[in-house]
Amino acid sequence: MTGTGRTGRGGARRGGRAAAAVTVVALAAVTAGCKEQPAAGAASAAPSAPASSHSPASARPGDDAKPGDASPSPTATATPTEREPASPSPEPSATRTTPAADPQGTVLMRNGSKGEQVRELQARLRQTGHFGRTPTGYYGSVTAAAVRSFQGKRGLVQTGNTDTLTWQKLLGMTHRPTAAELNPPTTRPVAKPDKRCLTGRVLCISKNSRTLSWMIDGKVVSSMDVRFGSQYTPTREGTFSVFWKSRHHVSSIYHTPMPYAMFFSGGQAVHYSSDFAARGYNGASHGCVNVRDEGKIAAVFAQVRTGDKVVVYK
């Protein structure tokens, strides 16, 4: 047999033009912040980001910090096997059960509450010996533990929440807190001011006493406890000035809040730290000056102006 072959005229052309490349330009406006880390005495971590980028820790709080505890994992439900067929679902009940009312009354404050009433609660608990810290105005695990302790001593159900009955019992045993009890000057002795702090408007910060004093013309207007960076990211010492204020600042690096931030040296700032309020000196910043009393730093933030002096000394 004789076969004939066909020759295709329209075959696909090989080799084309390469696709045009698209370049994406990322614009980064990074403002440094300072993130809390374990204290120097704890297990050493590798050196963190440079001191010019820091941010306060809103990692999971241990005490009276803002809530960040992870939700518990749901419990897995066993799947019936072929040998054990699933039981039929019960018929839905027409009647719904109403939760029993709290025998101790309405809950007035609980974990996560904040404000002046919480500050008063803490001051009153301190009068009875159940709260050993300076009032912060934030209801965290330390406050809840103090409430449980108070409830246990009074024969109440130990919920850790401040309900109507617990509040009335506490009111009956304590006096109305004074201004000094609600807002003590500081929990640490204030250091003698450095001579650079004696003129003008100054945030005078002592590393040795771990205190900050807001001073005007040599007079202390307000003082508060502070903490600093770790050995890897130390807080810089020297004379600086406030170059930027950011009331609701959030670190662009760590995406964590830095309320009442007053930047004075690169990414280092004075700001409120919920982690400091919770863990105290068990933690450290990445170079910033952390303040644990939100009410005090809020008041100072309202008074400080851009250009005011900042002195950090030992």
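It should be noted that the structure appears before, not after, this text.
The rules we used
Residues numbered from 1 in each chain as written. Predicted model: local features only at pLDDT ≥ 70, side-chain atom pairs only at ≥ 80, totals over all residues. Heavy atoms only, no water. Helix = DSSP H or I, 4+ residues; strand = E, 2+ residues; numbered from the N terminus. Buried < 20%, exposed > 50% of the residue type's maximum accessible area, 1.4 Å probe, protein only. Contact = heavy atoms within 4.5 Å. Areas by Shrake-Rupley, 256 points an atom, 1.4 Å probe, with all protein chains shown as cover. Polar contact = N/O pair within 3.5 Å; in protein donor to acceptor, adjacent residues only side chain to side chain. Salt bridge = Lys/Arg side-chain N within 4 Å of Asp/Glu carboxyl O.

Points about the overall build of the chain
Summing up its helical and strand segments, the chain has 6 helices and 13 strands in all. Put simply, the chain has 314 residues, and 40% of those count as buried. Long-range contacts, defined as pairs at least 24 residues apart, comprise 62% of the intrachain contacts of the chain with a sequence gap of at least 6. Total accessible area on the chain stands at roughly 18,300 Å², and carbon and sulfur atoms take up 53% of it.

Section: unusual backbone geometry
The backbone of Arg210 sits at a positive phi, close to 55°, despite the residue not being glycine. Tracing the sequence through the fold places Arg210 in the loop between strand 4 (201–206) and strand 5 (211–216). Positioned with a positive phi, Asp217 is a non-glycine residue whose angle comes to about 50°. Inspection of the secondary structure puts Asp217 in the loop between strand 5 and strand 6 (219–227). The exposed category is assigned to Asp217, whose relative accessible area is 57%.

A word on the side chain of Ser251
Here Ser251 is to be found in the loop between strand 8 (244–250) and strand 9 (257–265). Of note is the side chain of Ser251, whose polar atom sits 3.1 Å from the backbone nitrogen of Ile253.

Section: the pattern of salt bridges
Inspection of every chain in the model, using the stated rule, returns 9 salt bridges. Between Asp275 and Arg227 there is a salt bridge; the shortest N-O distance is 2.7 Å. You can see Asp275 sitting in helix 5 (residues 274–279) and its partner Arg227 sitting in strand 6, a full 48 residues away along the chain. Each member of the pair, Asp275 as well as Arg227, is classed as buried. Put simply, Glu116, Arg119 and Asp293 are held in one network by salt bridges that share partners.

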